[in-house]
Amino acid sequence: MYFAKKNTSLFFKILLIIGFGYFFWLMLTITMEYIPFNTEVSFLMIKQTEVRQRPEYLSFFYVHVYTSIFVLLFGFLAILRKDFGLKNFHRNAGKIYIFLILLLAAPSGIYMGIFANGGLYSKISFVILGCLWWLSTFKAYHLARQKKFKAHKQWMWRSFALTVSAITLRMWKVIIVYLFHPNPMDVYQIISWLGWIPNFILIEYLITKKLI
Amino acid sequence: MKILKLLLISFFTMGLIACKKDVKTTDSSKDSLTARKDSAVVPEVYKEYYGIYTGEFAGEGRIYDNETDEYYNGTEYKKISLKISKITKDSVYGQSIVDGNQRPFRGIFNENTKTFVLDEPGNDKTDGRFEVKLTRDSLTGNWNAFNKSSVKAPSKSLKLIKKTFVYNPNFMLDENSDLIDWENPKKFVEKYIDEETGKAENYTASKNRIASDAVFKLNASKQKLTEKDLKNLRKLDMEIIKNSVFARHGYSFKKATYRNFFEQTDWYIPVSNNVDNDLSPMEKENVALLNRFINYAEDKYDSFGR
């Protein structure tokens, strides 16, 4: 019974790793569209109002695009909790994850949230998401410094669940468009909330059930 | 065909020689500029018949059905415009425009029967001969392809009325229009259990795009469009709003999708296969903006990404 349980747990772990690998690859191809620097490429095609009216918009945008892919990567490696034979790998990967979010990815994300597509409801969602992301990452960092590792682990799972919202938002978009073909901004308003709320709820549930 | 060409060439050369003779005599006798001009230019007649005649171009032939992916025999209807630009004693000059294909023609006008016999050049596989009768403001008759095997409907009838093309930025699609794009169906293979045999069977369903009423609200010829106006529009809406600009200038659409939408109006007259230079600066900017959003919708609407 124990053996079967351990096997299923291992099976799900491998599944999640493969799943994450696939979606990380998709996010990487999206990031590559923004290399080289271009004021009108991809998502910016429908943000020219902001690009032209706000001289700082492009800086915030590209900071977010260029750092977020590393945030995903290092967050994933750190949360696996393995050192891969390297000394202090988990700690160093964690430091990179924390540094990139607190100083670069979250502030730029909050800025862009203020100008998000989809009207007021989307803006509110993304700004809240950005703030929760910053706060949970900061709390997790602080707890690690205080060596309170059990609490650190819980807060880091909260932070990573919000990091992964980048992937889940895009997954929901594909599903909703395929099923219902709504107008583009109607989809966007829905996924701006659906992208992170279920992630948040799932982690809180797992923490409450003492599974994390 | 060859005999026809020969006849035309002889007509033409006869006309030329007649002209040349006149020029020679006036040159030797008078120096007056007006006299020389009069005889160097062939006089135009029946100027009141000049203009654009537009209407139905129908023919029996093989028609392709998008939904069943098959050909069937039926009547094909198109909208055609014949532009008569010059009539002289011996010749008629003008252009035909149908499906975005603009072809010049040259022919003759019979004063007694009031019929035109107009020939397209013949170097395009869709060229043919128009034989039409003028009754007051309408032209009726038929058209026959020179090369009967290269067109789906080699014999067509024409019912045209003289219309004045006027650019009006207020023209919009009529609110009773059919907004479904029948030309680009998306096929879905769906499974069901056959009640009689109990087996799983496939059938192919077709889904067509439909435009929203945004196409009645936004006019790219009258207002400067912003990103905000377009962000929540479907691709088909934006394609119609953009092509309405071209329709107002008389562009003859090559794509059946747009022909189907604009031929439902009573104001659309196809008169040209390129109207890019006629657009106002505001229209050009709106079209560029719409193109950007249409490209984005094309690439990103249903893909993994924002």
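Since we're looking at a predicted model, the values are computed, not measured.

A look at the overall build of chain A
And step 1. Per the secondary structure count, chain A includes nine helices and zero strands.
And step 2. For chain A, the spread of C-alpha atoms along the principal axes amounts to about 60 × 40 × 30 Å.
And step 3. Counting the 212 residues in chain A, one finds 32% classified as buried.
And step 4. Taking all contacts inside chain A whose residues are at least 6 apart in sequence as the whole, residues at least 24 apart take part in 61%.

With respect to the nonpolar core
Most often, soluble globular proteins have nonpolar side chains that are buried together.
And step 1. Formed by 52 residues in total, the largest nonpolar core has its most connected members in Met-238, Leu-290 and Phe-293 of chain B.
And step 2. Per-domain counts for this core show at least three residues from each of domain 1 (42-163) and domain 2 (209-300) of chain B.
And step 3. For Met-238 of chain B, the contacting residues outside a window of four places in its chain are Leu-230, Leu-233, Leu-290, Phe-293, Ile-294 and Ala-297 of chain B.
And step 4. Residues Phe-126, Trp-157, Phe-160 and Leu-162 of chain A belong to the second largest nonpolar core, which totals 39 residues.

Topic: the confidence of the model for chain A
And step 1. Per-chain confidence: chain A averages 96 in pLDDT, with 100% of residues scoring 70 or above.
And step 2. Across chain A, the secondary-structure element scoring lowest on mean pLDDT is helix 1 (residues 2-32) of chain A, at 91, and the one scoring highest is helix 5 (residues 120-145) of chain A, at 98.

Thoughts on the pairing of strand 1 (residues 51-65) of chain B
All names here are of chain B.
And step 1. Bridge count for strand 1 against strand 2 (residues 70-87) is 15 bridges, and the pairing is antiparallel. By the bridge assignment for strand 2, Asp-65 is matched with Glu-70.
And step 2. In this structure, the hairpin formed by strand 1 and strand 2 is closed by a connection of four residues, where Asp-69 is found at a positive phi of approximately 60°.
And step 3. Here strand 1 pairs with strand 8 (residues 155-163) via eight bridges, running antiparallel. Bridge pairing in strand 8 places Phe-57 opposite Leu-158.

Quick word on unusual backbone geometry
And step 1. A cis amide bond, omega 5°, links Ile-35 of chain A with the succeeding residue Pro-36 of chain A.
And step 2. Tracing the sequence through the fold places Pro-36 of chain A in the loop between helix 1 and helix 2 (48-53).
And step 3. Non-glycine residue Lys-147 of chain A carries a positive phi angle of around 60°.
And step 4. Turning to its location among the elements, Lys-147 of chain A is positioned in the loop between helix 5 and helix 6 (149-163).
And step 5. One non-glycine residue with positive phi stands out, namely Asp-99 of chain B, at about 55°.
And step 6. Structurally, Asp-99 of chain B can be placed in the loop between strand 3 (92-98) and strand 4 (101-110).

Here we look at the interface of chain B and chain A
And step 1. Contacts between the two partners involve 16 residues from chain B and, on the opposite side, 16 residues from chain A.
And step 2. It is helix 7 (residues 281-300) of chain B that provides the largest number of residues to the side of chain B that touches chain A, a total of five residues.
And step 3. Grouping the constituent residues of the side of chain B that touches chain A by class yields six nonpolar, four polar and six charged.

A few points about helix 7 (residues 165-180) of chain A
All names here are of chain A.
And step 1. Taking 1.5 Å per residue as the helical rise, helix 7 with its 16 residues ought to reach 22 Å, and the 22 Å between its terminal C-alpha atoms agrees with that figure.
And step 2. Along helix 7, the residues classified as buried are Ser-165, Ala-166, Ile-167, Leu-169, Arg-170 and Lys-173.
And step 3. A positive phi of about 40° marks His-181, the residue just after helix 7.

A few points about the domain arrangement of chain B
Residue and element names in this part refer to chain B.
And step 1. According to the domain assignment, chain B consists of domain 1 (42-163) and domain 2 (209-300).
And step 2. Every contact between the two is made by eleven residues of domain 1 and, on the other side, ten residues of domain 2.
And step 3. Mapped by element, the contributors of at least two residues to the side of domain 1 that touches domain 2 are strand 1, strand 2 and strand 4.
And step 4. By residue number, the principal contributor to the side of domain 1 that touches domain 2 is strand 2, which donates three residues.
And step 5. Grouping the constituent residues of the side of domain 1 that touches domain 2 by class yields two nonpolar, five polar and four charged.

Structural notes on the packing of helix 7 of chain A against helix 8 (residues 184-194) of chain A
Residues and elements named next belong to chain A.
And step 1. Put simply, helix 7 and helix 8 touch, their axes get as near as 9 Å, and they point 140° apart. In terms of their interaxial angle, helix 7 and helix 8 are classed as oblique. Handedness of the helix 7/helix 8 crossing: right-handed. Across from Leu-169, Trp-172, Lys-173, Ile-176 and Val-177 in helix 7, the residues of helix 8 making contact are Val-187, Ile-190, Ile-191 and Leu-194.
And step 2. Broken down by class, the residue content of the contact of helix 7 with helix 8 amounts to eight nonpolar, no polar and one charged.

What to know about helix 6 of chain A
Residues that lie three or four places apart on an α-helix share one face, since the helix turns once every 3.6 residues.
Residues and elements named next belong to chain A.
And step 1. Here helix 6 contains 15 residues, and its C-alpha end-to-end distance of 20 Å stays within 8% of the 21 Å for a straight helix at 1.5 Å per residue.
And step 2. Inspection of helix 6 places Gln-154, Trp-155, Met-156, Trp-157, Arg-158, Ser-159, Phe-160, Ala-161, Leu-162 and Thr-163 among the buried residues, and these make up the whole buried set.
And step 3. Considering only its buried residues, helix 6 is in contact with helix 3 (57-79), helix 5, helix 7 and helix 9 (197-208).

Looking at the sheet that holds strand 2 of chain B
Residues and elements named next belong to chain B.
And step 1. Strand order in the closed barrel formed by eight strands is 1-2-3-4-5-6-7-8, and the pairing between neighbours is antiparallel. Across the sheet, the mean angle separating the axes of adjacent strands is 30° when strand polarity is ignored.
And step 2. Bridge count for strand 5 (residues 115-119) against strand 6 (residues 128-135) is five bridges, and the pairing is antiparallel. Across the sheet, Phe-116 pairs through a bridge with Val-132, a residue of strand 6.

Rules used in this analysis
- Residues numbered from 1 in each chain as written.
- Chains lettered and ligands numbered in written order.
- Predicted model: local features only at pLDDT ≥ 70, side-chain atom pairs only at ≥ 80, totals over all residues.
- Helix = DSSP H or I, 4+ residues; strand = E, 2+ residues; numbered from the N terminus.
- Buried ≥ 20, exposed ≤ 12 C-beta atoms within 10 Å, placed from the backbone.
- Contact = placed C-beta atoms within 7 Å.
- Core = buried A, V, L, I, M, F, W, Y, C linked by C-beta atoms within 7 Å.
- Domains from an automatic or database assignment.
- pLDDT = per-residue confidence, 0-100.
- Pairing = 2+ DSSP bridges.
- Nonpolar A, V, L, I, M, F, W, Y, C, P; charged D, E, K, R; others polar.
- Expected span 1.5 Å × (residues − 1).
- Axes fitted to C-alpha atoms, helices over the stretch in contact; angles between N-to-C directions.
- Parallel < 35°, antiparallel > 145°, perpendicular 65-115°, else oblique.
- Left-handed = near helix turned anticlockwise from the far one by under 90°.

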